[in-house]
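# Coordinate inspection notes
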Amino acid sequence: MGLLEKLCKAPGISGFEDEIQKIMKEEFEVSCDKVEIDNFGNVIGEKGKGKKKIMLAAHMDEIGLMIKYINKNGFLYFIKIGGIDDRVLLQQRVIIKSKKGDVLGIIGAKPPHLQKKEEKKKVIKHSKLFIDIGARNAKEAKSMVEVGDPVILEPNFGKLNRDRYFGKAIDDRLGCYALIEIMKQIDIKDATVYAVATAQEEVGLKGAGVSAFKLNPDYAIAIDVNIAGDTPQIKEKESSLKLGKGPAITITEASGRGVVTHPKIREILINTAKEKKIPYQIDVIEGGMTDGAIIYRTREGVPTGVVSIPTRYIHGSTGVFSMDDLNNAIKLVVNALPNL
Ligand SMILES: [Zn+2]
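Remember, predicted model here, so these are calculated numbers, not experimental data.

## Description of the nonpolar core
If you look at the biggest cluster of nonpolar residues, it comprises 77 residues, and the most contacted ones within it are Leu-56, Ala-178, Leu-179 and Val-333. Broken down by element, this core gets its largest block of residues, nine residues, from helix α5 (residues 170-185). Ranked by size, the runner-up nonpolar core spans 24 residues in total, among them Ile-70, Ile-81, Leu-129 and Ile-131.

## Quick look at unusual backbone geometry
Here Asp-171 and Asp-172 are connected by a cis peptide whose omega angle stands at 10 degrees. On the secondary structure map, Asp-172 appears in helix α5. Backbone geometry at Ala-254 places phi at a positive 45 degrees, although glycine is not the residue there. Tracing the sequence through the fold places Ala-254 in the loop between β14 (248-252) and α7 (263-275). Classification of Ala-254 by C-beta neighbours within 10 Å gives partly exposed; the count is 15.

## Points about the environment of Phe-166
Structurally, Phe-166 is set in strand β11 (residues 164-167). Between the C-alpha atoms of Phe-166 and Arg-312, which are 146 residues apart in sequence, the distance is 9.2 Å. Look past the residues within four positions of Phe-166 in its chain and what remains in contact with it is Asn-156, Gly-158, Leu-160, Thr-318, Gly-319 and Val-320.

## Concerning α5
With 16 residues, α5 extends 22 Å between its outermost C-alpha atoms, agreeing within 8% with the 22 Å of an ideal straight helix rising 1.5 Å per residue. A large share of α5 lies buried, amounting to 14 of its 16 residues.

## Overview of the domain arrangement of the chain
Segmenting the chain into domains produces domain 1 (3-62 + 168-339) and domain 2 (65-153). Taking the mean C-alpha position of each, domain 1 and domain 2 sit 32 Å from one another. Contact with domain 1, which involves eleven residues of that partner, is made by twelve residues of domain 2. Grouping the amino acids of the side of domain 1 that touches domain 2 by side-chain chemistry returns four nonpolar, four polar and three charged.

## Quick notes on the packing of helix α2 (residues 18-31) against α5
Where α2 contacts α5, the two axes come as close as 8 Å, and the packing angle between them is 15 degrees. Viewed along their axes, α2 and α5 adopt a mutual orientation that is roughly parallel. In this structure, α2 meets α5 at a crossing whose hand is right-handed. Touching Met-24, Glu-27, Phe-28 and Ser-31 of α2 are Cys-176, Ile-180, Met-183 and Lys-184, all from α5. Residues that form the contact of α2 with α5 fall into these classes: five nonpolar, one polar and two charged.

## Considerations on the packing of α5 against helix α9 (residues 323-336)
Where α5 contacts α9, the axes come no closer than 9 Å and their chain directions differ by 45 degrees. Here α5 is positioned oblique relative to α9, judged by the angle of their axes. Note that α5 runs across α9; the crossing there is right-handed. On the side of α5, the interface is formed by Leu-174, Tyr-177, Ala-178, Glu-181, Ile-182 and Gln-185, while α9 contributes Leu-326, Ala-329, Ile-330, Val-333 and Val-334. The residue inventory of the contact of α5 with α9, partitioned by class, reads nine nonpolar, one polar and one charged.

## Remarks on the environment of Gly-316
Looking at the element boundaries, Gly-316 is found in the loop between β16 (304-312) and β17 (319-322). Separated by 146 residues in the primary sequence, Gly-316 and Ile-170 have C-alpha atoms spaced 9.9 Å apart. Excluding residues within four positions of it along the chain, Gly-316 makes contact with Asp-85 and Val-88.

## Considering the pairing of strand β12 (residues 191-198)
Taken across its eight residues, β12 has eight buried, putting it largely inside the fold. Relative to β12, strand β2 (residues 43-47) runs antiparallel, the two sharing five bridges. Following the sheet pairing, Val-43 is matched in β12 by Ala-197. The pairing of strand β3 (residues 52-59) with β12 spans eight bridges and is classified as parallel. For Met-55, the partnering residue across the bridge sits in β12 and is Tyr-194.

Reading the values: the criteria
Residues numbered from 1 in each chain as written. Predicted model: local features only at pLDDT ≥ 70, side-chain atom pairs only at ≥ 80, totals over all residues. Core = buried A, V, L, I, M, F, W, Y, C linked by C-beta atoms within 7 Å. Buried ≥ 20, exposed ≤ 12 C-beta atoms within 10 Å, placed from the backbone. Helix = DSSP H or I, 4+ residues; strand = E, 2+ residues; numbered from the N terminus. Contact = placed C-beta atoms within 7 Å. Expected span 1.5 Å × (residues − 1). Domains from an automatic or database assignment. Nonpolar A, V, L, I, M, F, W, Y, C, P; charged D, E, K, R; others polar. Axes fitted to C-alpha atoms, helices over the stretch in contact; angles between N-to-C directions. Parallel < 35°, antiparallel > 145°, perpendicular 65-115°, else oblique. Left-handed = near helix turned anticlockwise from the far one by under 90°. Pairing = 2+ DSSP bridges.

Okay, structure coming up:
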């Protein structure tokens, strides 16, 4: 299994990142001078000895579910961790990460034949869905899983065609992969670069907030995924990002509530792309935020930029992306760092 596949398939819903955390630590130990895991669970890899401090961030956590209640017939009810679209949940196969090991489950609902006319028109809310683990009753279910157990969508990863790949949790394991590769490739004399695999991004950018406070960087770049607009029914004016056209350089997220990229960082990223002939796209988004949104307003403010990989079906069970975009995102950051 390649590294990217291993990262995408690893479990790690927000706050339960231990397995992905372990992989990130092992990888940083190869490419960095120093590695630490902070109190919050962020994995911080450090390289270089310069005075200038640069923080790179990508989140390790993924969206998922958590067991909330086990009913008398042994079916499991759940809450959502992070912004999962209710429409993608029905009929998903999930893995419950129980203390005793992995338990496979199927998300079920009342079949269409038994739904009333009104019900058929509506999306079935997650609160009406349940997980079937094949237990005969509550007692058996409780011998397999517990309330509070984290749940991931069934891991998947593979190639579709040419540069197009798919996978679970590509948000933001693509960024994690980029961090590892960037730390391997950089050789900067006048700065210390911190690669932070952040915890709990999907539930409020929390890990990035505490790690930025701790590191107090001079500059930061967040690496995440972004919404591609090149599938049916998305208008170009809603998202003009396309797979294979290069990583996106963000100007503003969430209509200004997210990161507003520092003009200097923006300039450096765009000029680096032009100079090195790296394809890039410019991104202005109405919704959605990245770790950059919290890093840039830490302490007295940190000039921050966001480089993102356009992806399809974001916050679903399987995303689609271009490997070329991922490699170009790595190339862009590696080449931009000495210019900060
Ligand atoms: Zn993300």
